[in-house]
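One letter stands for each residue in the lines below.
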Amino acid sequence: MKKIKPKYSKKIFSNAFIYRFFMTLDLTFTVFCLILTILYIIGNYQAFQDHSQKIIISILSQASTFNLLLSFLLLIETGFKIFTENHKIKQILHAVFLLFSIIFCFVCMELSSIINYLSEGLK
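For the structure given in this document, a descriptive report is provided here. Just so it is clear, the model here is predicted, and its values are computed rather than measured. (Residues numbered from 1 in each chain as written. Predicted model: local features only at pLDDT ≥ 70, side-chain atom pairs only at ≥ 80, totals over all residues. Heavy atoms only, no water.)

1. Examining the overall build of the chain
Helix and strand counts for the chain come out as three helices and zero strands. The N-to-C order of helical and strand elements in the chain reads α-α-α. Across the 123 residues of the chain, 28% fall into the buried class. Relative to all contacts within the chain whose residues are 6 or more apart in sequence, the contacts with residues 24 or more apart total 74%. Roughly 9500 Å² of accessible area belongs to the chain as shown, and the carbon and sulfur atoms make up 72% of that amount. (Helix = DSSP H or I, 4+ residues; strand = E, 2+ residues; numbered from the N terminus. Buried < 20%, exposed > 50% of the residue type's maximum accessible area, 1.4 Å probe, protein only. Contact = heavy atoms within 4.5 Å. Areas by Shrake-Rupley, 256 points an atom, 1.4 Å probe, with all protein chains shown as cover.)

The structure is reproduced here in structure tokens:
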């Protein structure tokens, strides 16, 4: 009897699912960092309390650090996928999004660290 080979093996399916999951997680954290940045800017004009602003900045710093690391690792994996898979346009678009995410999160991380340092005041 001849065995029928499935079109997609379990390994390829699980790798694709994990990659899509982490790309979605990266998009979610990028949007979260964007929302926190907008909330901080709005908070300056709406006169949020200093404690609330410090919490927003510390959450932004932590989220952007995590997102920067995740985006960098996904960019490495996307680089491998560009050379090994047939859907090169899709992978190049993923790489462009990840580069934007890395740059945006690096700027958010640095600015939030500077603002947090300046808000501590002179000691």
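Picking up after the structure, the text goes on.
2. Quick look at the environment of Glu110
Among the structural elements, Glu110 can be located in helix 3 (residues 88-120). C-alpha separation for the pair Glu110 and Thr65, spaced 45 residues apart in sequence, amounts to 9.5 Å.

3. Thoughts on the environment of Leu27
Mapped onto the fold, Leu27 is located in helix 1 (residues 10-45). For the pair Leu27 and Ser71, spaced 44 residues apart in sequence, the C-alpha to C-alpha distance is 9.3 Å.

4. Description of the nonpolar core
Of all hydrophobic cores here, the largest spans 13 residues; its most connected members are Cys33, Leu60, Leu68, Phe104 and Cys105. Looking at this core, the elements that each hand over two or more residues are helix 1, helix 2 (50-84) and helix 3. Core analysis: the next-biggest nonpolar cluster, separate from the first, contains five residues, Tyr19, Met23, Leu70 and Leu98 among them. (Core = buried A, V, L, I, M, F, W, Y, C linked by side-chain atoms within 4.5 Å.)

5. A short note on the packing of helix 2 against helix 3
Relative orientation of the contacting elements helix 2 and helix 3 amounts to 155°, with a least axis distance of 7 Å. With respect to their mutual orientation, helix 2 and helix 3 come out roughly antiparallel. Where helix 2 crosses over helix 3, the two elements pack in a sense that is left-handed. Across the contact of helix 2 with helix 3, the residue classes tally to 18 nonpolar, 13 polar and three charged. (Axes fitted to C-alpha atoms, helices over the stretch in contact; angles between N-to-C directions. Parallel < 35°, antiparallel > 145°, perpendicular 65-115°, else oblique. Left-handed = near helix turned anticlockwise from the far one by under 90°. Nonpolar A, V, L, I, M, F, W, Y, C, P; charged D, E, K, R; others polar.)

6. Considerations on unusual backbone geometry
Its identity as a non-glycine residue notwithstanding, Ala47 has a phi of 60°, on the positive side. Along the polypeptide, Ala47 turns up in the loop between helix 1 and helix 2.

7. Quick look at the side chain of Ser101
Looking at the element boundaries, Ser101 is found in helix 3. Here Ser101 falls in the buried class, since its relative accessible area comes to 0%. Residues within four places of Ser101 in sequence aside, it is in contact with Asp26, Thr30, Asn67 and Ser71.

8. Brief notes about helix 3
One turn of an α-helix holds 3.6 residues; hence residues three or four places apart share an orientation. For helix 3, which comprises 33 residues, the first-to-last C-alpha distance of 48 Å matches the rise-based estimate of 48 Å (1.5 Å per residue) to within 8%. Along helix 3, the residues classified as buried are Gln91, His94, Ala95, Leu98, Ser101, Ile102, Phe104, Cys105, Cys108, Met109 and Ser112. One or two positions beyond helix 3, positive phi appears at Gly121, with a value near 80°. (Expected span 1.5 Å × (residues − 1).)

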